[in-house]
Amino acid sequence: MSTLVTESGTAEQHLAAADSIRNRLNAALKGKQDVVEMVLVCLLSRGHLLLEDKPGLGKTTLAKALASAIGGDFARAQCTPDLLPSDITGFNIFNQKTHEFEFRSGPVFADVLLADEINRATPRTQSALLEAMAERQVTVDTQRFDLSRQFFVIATQNPVDQHGTYPLPEAQLDRFAMKLSVGYPAPDDEIRMLQEAVGTIEDDTSRDSPALQEGQLQEMQEAVSRVSVAETVQDYLVRIATETRKHISINLGLSPRGLLTLQRAAQAQAFLGRREFVTPDDVLDVVFPVLSVRLGLEIEEANRVVQEVLDAVPVPDYSEKKK
Amino acid sequence: MPPELTMGRRVDAPKRQSPSTSDSESQVSSLRLHVTCVVMALIAAFIFTLTEHDDHEHSLWCAFEIAIQTLLVIVATCYFRMRIRLLHESSVIMPILVMVACFSLVCEPFQRMVFETGHSFEMLVMHSQCNLMLALAVCGFRLSFQRLAAIIAVFTTIFCCTISSASGLIPLTIIFAVSTIVWLVASWWETVDRRVLQTTRRGFPVRLLLTGGAIPLLALLAANAFGANQVTTALSGFMPSSGGTGEHSPYARGGVRDGEALIAGNENIKSFAPIDDAPFLDSELPSLYDVFNDTFDDPVKKIKHQERAVSLPADLMKHIHQIMAEAKKAGREFDLLRSRKQGDKSRIRDLDTHALFYVAGRTPVHLKMEVFQLFDGRKWTADVGEWTQRLPMKETDGRHWLNIPQPGKGFGMFSGTATHSIKVANLDGNVIPTPAHPVGVSIDLVDVEDMYRVYSNGLVTLNRKSVPTMTPISFVSRCVDRSALRDNDRISILKRTQMRSIDDLYTYMPDADEADRIRRLTERCVAGIPRGWRQIEAIEQFLRTNYKLDRDSLLSEEETQAISTFLFETKRGPEYLFASSAVMMLRSLGYRARLVSGFYARPERYDVKNRHTAVLAKDAHFWCEVTLGAGAWLTVEPSPGYEILPPPPGIWEQLSELLALVWGFVVRNAIALTLFSVGGIFCFLWRRSIQDRLLTLRWRMAFRRKANRRAVHLAVLVEHRLRLAGLEKEAGTTLRRWSSKAVFGPVRDRLKRVAEIADQAMYQSDDVSVDDRELNELAQALSYRQLKRLPSSAGNVSQIA
């Protein structure tokens, strides 16, 4: 296996840090290594994550464990229909002592924002997150505020209880890098979970020390962006995007922003695989969660459609000349 | 929900395609369907090329054109198929198609100006369309292009079948129809196949059987399409088309090309187009009698010493003298004794290069020009015959036919009819070369019966000085079924006629001693055979087997008993000695026989392309006839190497003839064919191993290249081996993922290692260092044999590890 050659000395530290996060997430969420891997990919590719699954499957646990691991400020916004945009972004309040308006920042100014049950918020409130997620800034009363450089949104939504919910619009969905479904744990993992719960009052991981040093996440994200992507792989990415735009079951194909996200996710996957180049396997590893968030389909249907797309697009052939 | 779906990992869900029409327009066709489409288009292009070269003047060019277009299409298809991903959605295809379609149209003015040749308008348009069809077939990875190519191919084939009668057209059309059906079925199946979850393999080796059946068929067609050969002759007339193949078919419509109403043939002597309105020409060509005398050497030897002879009875002498006088008036004698001195043959040599006349119709055929009756020991004197007057004319399909009486109709010896057209080119005289047993003669537009004269000796002449040149004269004649004669008790030859009858010169033998000697010989050769046709056949066979045909072996100048010398001493000589001897032997047993001269249309001279047989001066021939009584004379052919026209063969007889030819070919080339077959079977059975060896060799040659290429080539080699072992990787997945199938358990790690090395070599921006020893070990461990041992059923492959 080739070794990842990034800035000397730091590569192994980054990968060790990634391993550390991975271990902590796996400890928090038993038997969900694949989900944890994608969460890591999403984090390293500087994208936001949408978790969609039934209640009680560990979405919030996962989000909290991640926030704890990367060591930033963690904020949680429980989305309800009466949640206002200013509850997310913050608002200006008149200070009677100083006779000036003061800005009270909202949860969006944290490093990791957990927007729980995001589809219960009104579209107006959901839209408040658009700017924050895409540009990592918010504008309140014509004032622009930059968010944290490692700003990372984990949103959850419940696909079952649809009463009184507002489905996320396509524009909002496109801001997310991935959509993941946690799913029920395997029986063995559930038994292990039960055994560990005996004698334990609470499972609070937020008190653990962070796995990353100050600024290390940004360094890792920069290292990911430097992972090379061959032209044949980029051609493959474009062909996948083209195929999604033609597929009968897909109303809205992959956008250029989505394509960039897909490439960055593949780079992150290659980084985690200790490679400095992206292979078609990396693309295939990340393509399902990246595409499924954008197709506007239920997750089972999305998986089937993505599979059809992939079947129709041949992977780069080894007999092709290297470009 | 299964966990592997939720994890965002790729799973191998069953293949399914959305049932949308608009979407299917841009679908990538499977290779199998694409190849079928290319084959279909190529066959249509062959048909068009054959039609285009229907004048048969440029066979070689035609073959060259077919070879070039086949090669181009195959190369272009391979090239496009390999770059399908780049070209599938490319906008460059449409301009290419437009350019190909316009190519012929653009070239035509230049061709006309520079080479001074060109195409007619409709051929030009069809040419352009044919090119477009091939280009569409090449780009047939898009289903919509395939459909368009198929439509053009069908139109082209229908167009060609309508206007052409090129050889090989009908079999090619049948193959085209089959390929079209295959394409339709494959096209339909492909749409179904995308919707079904799993396919099961057929146990029956349909592909093998189809290949086995198609190869001999294609070989026959190839032989039929190019050149004159045995296969062509055997297949000729197998299924005559309405386009006018020169063969008779009751189902064919007349009218096109060499039918009855198109081109006057006075511009091209070889054309058998009707010249029914062409002028009747006179010319200064050599007469029939010049040809005969020149062919069989001249001059006639003068008798130096007249031996003593027994005088004939006075009344017989009178009768003979009268006949001889009549014959001499016309110079109609033939002497058996010819001088060894070569005459001036310049004229004959000239004639050798030009046919005297052409015959369309089945060959071999004996064409009668003269009948000899009286033989005086060395000279034959012609039977002038009587002119049968007032024969009726009958109009059939707009043609006027002179009905010729058919003697011997009641004997039940005829089986089928033969149609021959004769066009005289260099023959003078008014005698028409006439086939045996004619029942009708016709020249178009000649509707008066007194233009013809039919004689009792079976000759047909025109009531004018000469037979018009370049005018087709059609004959309908009956064919004799010789096998039916053997046990035919109605034939009067069974009765022994009285020898030396005054009135019957057909049994007259000149010399009693010689006659007696000949009779003894004849009796020996027919010993034990009952009187009748079997005896005649025995005599015929006796001469054919025991005597040698030699035109250069002439009798000595001192000879007085020509027949005896030939029969008992020299046993070799030209045809007239065979024919005369046969006549004498038949007469010695009391059969009524006569000598006939004329021409023999040889099957070897059959011109496949022009569908006629040239008759040259050297085809002048002698044979004999024996009568059954009632004026019915049967041809007896004693000369070895000459055959009599058999009754028309039925379809089974033609097929059996074809099979016999094929079998003959197989027997003649048994060793070569056996070696070839064994080699072919070996190659077929071991085709995958052979392919693997070649691919491995190619990989080893890649060792001269850079390290990256060596590593990538190893992955290519392994993918090829997987395909050969029936474990072919799906297009939408990678080798690493494919190796996670349960079936690859024993070799999974190595497969993954190969994929890893190849990925690194292919996608890493820098060059990589590769351990050649490891590559070799992997190549050996993942050999075709090793992969073949893995269970390769579809069910196993689809399982996830």
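Above this text sits the structure in question.
These numbers were taken from a predicted model, which means no experiment stands behind them.

Turning our attention to the sheet that holds strand 11 (residues 438–442) of chain B. Residues and elements named next belong to chain B. Taking strand neighbours across the sheet as the criterion, the 8 strands line up as 6-7-11-14-8-2-19-18 in an open arrangement whose pairing is antiparallel. Strands with a single pairing partner mark the edges of an open sheet, and in this sheet they are strand 6 (393–396) and strand 18 (606–607). Bridge count between strand 6 and strand 7 (residues 399–403): 4 bridges; the pairing is antiparallel. By the bridge assignment for strand 7, M393 is matched with L402.

Residue and element names in this part refer to chain B. Note on placement: S588 falls in helix 19 (residues 575–588). Residues S588 and D516 lie 72 residues apart in sequence; the distance between their C-alpha atoms is 7.6 Å. Within polar-contact distance, the side chain of S588 engages the side chain of T522 at 3.3 Å. Within the structure, the side chain of S588 is placed 2.5 Å from the backbone oxygen of M585, a separation counted as a polar contact.

Bridging between strand 6 (residues 137–140) of chain A and strand 7 (residues 143–146) of chain A involves 4 bridges; their strand directions are antiparallel. Within strand 7 of chain A, the position partnered with V138(A) by the bridge is F145(A).

Residue and element names in this part refer to chain B. Burial of strand 11 is extensive: 4 of the 5 residues sit out of reach of the surface. Bridge count for strand 7 against strand 11 is 2 bridges, and the pairing is antiparallel. Residue pairing across strands places L402 opposite V441, the latter belonging to strand 11. Across 4 bridges, the pairing between strand 11 and strand 14 (residues 472–480) is antiparallel. Residue pairing in the sheet places V441 in a bridge with F475 of strand 14.

Another aspect to go through is the state of the cysteines. Tallied over the full model, the rule gives 0 disulfides over all chains. Here C161(B) stays unpaired: no disulfide links it, and the sulfur of C160(B), its closest cysteine neighbor, is 6.9 Å away.

Moving on, we come to the nonpolar core. Counting 112 residues, the largest nonpolar core has I21(A), L66(A), M178(A), I240(A), Y318(A), L714(B) and F744(B) as its most contacted members. Counting residues per element, this core draws most heavily on helix 23 (residues 707–724) of chain B, at 10 residues. Not counting residues up to four positions away in its chain, the partners in contact with I240(A) are V283(A), V287(A), L291(A), V309(A), L310(A) and V313(A). Core analysis: the second largest hydrophobic core is formed by 49 residues, F372(B), I539(B), L567(B) and A579(B) among them.

Definitions and limits used
Residues numbered from 1 in each chain as written. Chains lettered and ligands numbered in written order. Predicted model: local features only at pLDDT ≥ 70, side-chain atom pairs only at ≥ 80, totals over all residues. Heavy atoms only, no water. Pairing = 2+ DSSP bridges. Helix = DSSP H or I, 4+ residues; strand = E, 2+ residues; numbered from the N terminus. Polar contact = N/O pair within 3.5 Å; in protein donor to acceptor, adjacent residues only side chain to side chain. Buried < 20%, exposed > 50% of the residue type's maximum accessible area, 1.4 Å probe, protein only. Disulfide = S-S within 2.5 Å. Core = buried A, V, L, I, M, F, W, Y, C linked by side-chain atoms within 4.5 Å. Contact = heavy atoms within 4.5 Å.

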